[in-house]
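# Observations on the three-dimensional arrangement
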Amino acid sequence: SWWQFRRVHRRFGWKFWSFVVGAAPLDPELEKFWRKLGYVVIQGYGLTETAPVATLNHPFETRAGTVGKPIGGVEIRIAPDGEILLRGENVTPGYFTGENGGAPAGQDIRDAEGWLHTGDIGEMDADGRLRILGRKKEMIVSPDGLNVFPEDVERALNAQPGVRESAVVAAKQGSREQVHAVLALEPGVDAEHVVDAANAKLEPHQRVRAFSIWPGETLPRTSGTNKLRRGEVAKWVNGAAVAQGSAAGSDKANTVEEILRRYTGGREITGASSLDGLGLSSLDRIQLLMELEQRAGVSLDEAQFANAKTVADLVHAHPASAPAVEDFDFPEWSRHGAARAVRRLALPGLVLPLARAFAWIRVEGLENLRDLKGPVIFASNHQSHFDVPAIFRALPPRWRYRAAPAMSKEFFDAWFHPERHSFGQRFREGLMYLLSVLVFNAFPLPQREAGARDALRYAGDLMSDGYSILIFPEGKRTDKGEIIRFQPGVGMLASRLRVPVVPVRLEGLEGVLHKDAKFARPGRAYVRFGKAMRPEGDDYAAVAAEIEAAVRAL
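Residues numbered from 1 in each chain as written. Predicted model: local features only at pLDDT ≥ 70, side-chain atom pairs only at ≥ 80, totals over all residues. Heavy atoms only, no water.

Looking now at helix 2 (residues 28-36). One side-chain oxygen of the residue at the start of helix 2 lies 2.9 Å from the amide nitrogen of glutamate 29, identifying that residue as aspartate 27. In the segment just after helix 2, glycine 38 is the residue with positive phi, at about 100°. (Polar contact = N/O pair within 3.5 Å; in protein donor to acceptor, adjacent residues only side chain to side chain. Helix = DSSP H or I, 4+ residues; strand = E, 2+ residues; numbered from the N terminus.)

This is the structure:
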């Protein structure tokens, strides 16, 4: 690269060989550009309070997208919510004065263990390098409980022709947040087209739900560092921007267009509006389908919704004319007599002895199940693939053989979408899926794909037959046993099915079978059952937070 772009190097000077970058996130495309030209890009990270460097990429061991490893004497830890914590002799204990919104003069700004809470969200890679994801106060939590970082969305928006600049903030809808874009556009540019084009390149949870046009030519920025004043933009969005929805009781409010408008922050919705561009989450999609049935008299399933490209397609959708998205059948055969007989032999004969051998489990809280009548929802934190065997080992027989764990449908992608995978993957994942269903009575729960509404119905069928549901609301296994945010899906299950929820707390299983480990190793673990609770309400995120708090308290 140095030789290929020698004319560029000649202009800069032969001794100019690197860029050292800090103070603000570096656009990945910009880093890629300079690396391609043969320059070394060295990123670092720190704060004024850390004097100021905390991490740095070694000039000869740089890794794109990271800010390097901690320098000598600095410790870094990632909190359960993703916040970066720093500790070391370079961290100031406090401020000389309390000006500019800082802590009071002389007050120690570190916590009891000496950690400085940076306010930044990050993650560590396998080699101990830090990657900055965004600011904690600017992070948006989608209705599905997934984190959205504004810079990622702004990058897609700013790449569209006619966009001068953009700012992405959280627009409040009760206790929920939605991705809202504020655009500064060239004259004559269609904002709807810009948003739809950007959404096509974003993940479903990142998609822009609503947008506003900034009244000036440029967005507000700081005078010295030219940083975006995102807080000022957010105040304008949540204070000045008024949704254009209609009263819920009017006839107009019950049209498909007006119902959709309430899910998109008041965006103008017509028959030609693209559904992909609306940025609906999986939970929004289920709630929307139910509301369309109740208010607009439009009866649809998720397959028809997925096949509809525009709002007009929704209005004119007919069951006979909508092709199926995929052939997705739930394993009802797992409740047949033969399957139950195999389960009665496999659990005590193979699974439970293995669980006993590797996980030395201490069980607490069984008195909370003694007088409880099923079915219930067992809601547990998620540490390992050993979680289900451990919980089955801890449950009394009357609960163990009437339980049905929910498993991620996407984890068995080769079974449900064989055309995407090799024969070996299809065989391996197919065998795992069939054994999970047969031995544990597990059922697939879509997290990103269509089918969540059908999964809710199937869970209802299971409970009608007297089976209790075991669900892991975090949606993924944690790294060090920490508990992360519960996704709202458990709130929807609890509210819709109207059955008791039993919080379950697991500890130590990440040491028995870590998510990155290939083999289990013996270790101590705890399974604690809490008192049954009956959360209610349509705010599924709030219900999920209530269940999460109960699990953390165990």
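The next subject is the confidence of the model for the chain. Scored by pLDDT, the chain has a mean of 82; 81% of the residues are at 70 or more. Below pLDDT 50 for its whole length, residues 241-253 participates in 19 contacts with residues either more than four positions away or in separate chains. Contacts from residues 318-327, a stretch scored under 50 in pLDDT, to residues over four places away or in other chains number 15 contacts. (pLDDT = per-residue confidence, 0-100. Contact = heavy atoms within 4.5 Å.)

A surface patch of nonpolar side chains, amounting to about 450 Å² of accessible area, comprises Phe423, Phe427, Leu431 and Leu435. Turning to its location among the elements, leucine 431 is positioned in helix 15 (residues 423-440). (Patch = residues over 30% accessible without salt bridge, like charges linked within 9 Å, V, L, I, M, F, W, Y side chains within 5 Å. Areas by Shrake-Rupley, 256 points an atom, 1.4 Å probe, with all protein chains shown as cover. Salt bridge = Lys/Arg side-chain N within 4 Å of Asp/Glu carboxyl O.)

Before going further, it helps to examine the sheet that holds strand 6 (residues 83-88). A sheet is described by the order of its strands in space; here four strands give the open sequence 5-6-7-8, paired in antiparallel fashion. A strand with exactly one partner marks an edge of an open sheet, and here the two such strands are strand 5 (74-78) and strand 8 (130-135). Between one strand and the next, the sheet's axes are offset by a mean angle of 50°, whatever the strand orientation. The pairing of strand 7 (residues 116-124) with strand 8 spans five bridges and is antiparallel. Directly across from aspartate 120, in strand 8, lies its bridge partner arginine 135. (Pairing = 2+ DSSP bridges. Axes fitted to C-alpha atoms, helices over the stretch in contact; angles between N-to-C directions.)

The sheet built from seven strands is open, its strands ordered 14-20-19-15-18-16-17 with mixed pairing. The open sheet has two free edges, formed respectively by strand 14 (359-364) and strand 17 (443-445), since each of these has just one partner strand. Ignoring strand direction, the axes of neighbouring strands in this sheet form an average angle of 25°. With four bridges connecting them, strand 19 (residues 501-507) and strand 20 (residues 523-529) associate as antiparallel partners. Residue pairing across strands places glutamate 507 opposite tyrosine 526, the latter belonging to strand 20.

Closest axis-to-axis distance for the helix 17 (residues 489-497)/helix 19 (residues 540-552) pair is 7 Å, and the angle between their directions is 100°. By the angle between their directions, the pair helix 17 and helix 19 is classed as roughly perpendicular. Residues Val490, Gly491, Met492, Ala494, Ser495 and Arg496 of helix 17 lie in contact with helix 19, whose contacting residues are Tyr540, Val543, Ala544 and Ile547. Grouping the constituent residues of the contact of helix 17 with helix 19 by class yields seven nonpolar, two polar and one charged. (Parallel < 35°, antiparallel > 145°, perpendicular 65-115°, else oblique. Nonpolar A, V, L, I, M, F, W, Y, C, P; charged D, E, K, R; others polar.)

Counting 33 residues, the largest nonpolar core has Leu369, Phe378, Phe392, Leu509 and Phe529 as its most contacted members. When sequence neighbours within four positions are dropped, the list of residues in contact with phenylalanine 392 reads Leu347, Leu352, Arg400, Ala403, Pro405, Phe440 and Leu470. Phe330, Leu493, Ala544 and Ile547 belong to the second largest nonpolar core, which has 31 residues in total. (Core = buried A, V, L, I, M, F, W, Y, C linked by side-chain atoms within 4.5 Å. Buried < 20%, exposed > 50% of the residue type's maximum accessible area, 1.4 Å probe, protein only.)

A word on the packing of aromatic side chains. As enumerated under the stated definition, the model contains 24 aromatic pairs in all. Arranged with centres 5.0 Å apart and planes meeting at 65°, the rings of tryptophan 214 and tryptophan 236 form a pair that is edge-to-face. Of this pair, tryptophan 214 sits in the loop between strand 13 (210-213) and helix 5 (230-239) while tryptophan 236 sits in helix 5; the two residues are 22 residues apart in sequence, bridging distant segments of the chain. Residue classification places tryptophan 236 among the partly exposed positions, given a relative accessible area of 24%. An angle of 85° between the planes, with centres 5.6 Å apart, marks the rings of phenylalanine 392 and phenylalanine 440 as edge-to-face. With phenylalanine 392 in helix 12 (residues 387-394) and phenylalanine 440 in helix 15, this pair connects stretches of sequence that are 48 residues apart. Each member of the pair, phenylalanine 392 as well as phenylalanine 440, carries the same accessibility label: buried. Here the aromatic cluster, defined as three or more aromatic residues joined through ring pairs, consists of Phe12, Phe16, Phe19, Phe33, Trp34 and Tyr39. In this arrangement the basic side chain of arginine 402 is found over the ring face of tyrosine 467, its NZ or CZ atom lying 4.0 Å from the centre. (Phe/Tyr/Trp six-rings, centres within 6.5 Å; stacked < 30°, edge-to-face > 60°. Lys NZ or Arg CZ within 6 Å of the ring centre and 35° of its normal.)

With that out of the way, let us pick up the side chain of aspartate 387. Within the element layout of this structure, aspartate 387 appears in helix 12. Comment: no salt bridge for buried aspartate 387; closest opposite-charge side chain is arginine 477, at 7.4 Å. From its side chain, aspartate 387 meets the backbone nitrogen of serine 384 in a polar contact 3.0 Å long. When residues no more than four places from it in sequence are discounted, the contact partners of aspartate 387 are Asn381, His382, Phe472, Leu506 and Leu509. (Lys, Arg positive; Asp, Glu negative; His and termini not counted.)

Let us look at the environment of lysine 32. One can find lysine 32 in helix 2. Overall, the relative accessible area of 57% leaves lysine 32 in the exposed class.

This paragraph deals with the side chain of asparagine 381. When you line up the elements, asparagine 381 lands in the loop between strand 15 (377-380) and helix 12. Classification of asparagine 381 by relative accessible area gives buried; the value is 0%. Within polar-contact distance, the side chain of asparagine 381 engages the backbone nitrogen of leucine 506 at 2.7 Å. Setting aside chain neighbours within four positions, we find asparagine 381 in contact with Asp387, Phe472, Glu474, Ile483, Phe486, Val504, Arg505, Leu506 and Val551.

So, about the pairing of strand 20. Of all seven residues making up strand 20, five are buried, and the element is well covered by its neighbours. When strand 14 meets strand 20, the two strands line up parallel, connected through six bridges. Note on strand 20: the bridge partner recorded for valine 363 is valine 527.

Within the secondary structure layout, alanine 184 lies in strand 12 (residues 176-185). A C-alpha to C-alpha distance of 9.8 Å links alanine 184 and asparagine 158, two positions 26 residues apart in sequence. Those residues in contact with alanine 184 that sit more than four places away from it in its chain are Gly162, Val163, Arg164, Glu165 and Glu217.

Assignment of secondary structure puts alanine 171 in strand 11 (residues 163-173). Owing to a relative accessible area of 7%, alanine 171 belongs among the buried residues under this scheme. Sequence separation between alanine 171 and lysine 235 is 64 residues, and the spatial gap between their C-alpha atoms is 9.3 Å.

Here the bond from glycine 374 into proline 375 is cis, since omega is 0°, no more than 30 degrees from zero. Here proline 375 is to be found in the loop between helix 11 (367-370) and strand 15. In this model, alanine 51 sits at a positive phi of 60°, which is unusual for a non-glycine residue. By secondary structure assignment, the location of alanine 51 is in the loop between strand 2 (40-46) and strand 3 (53-56).

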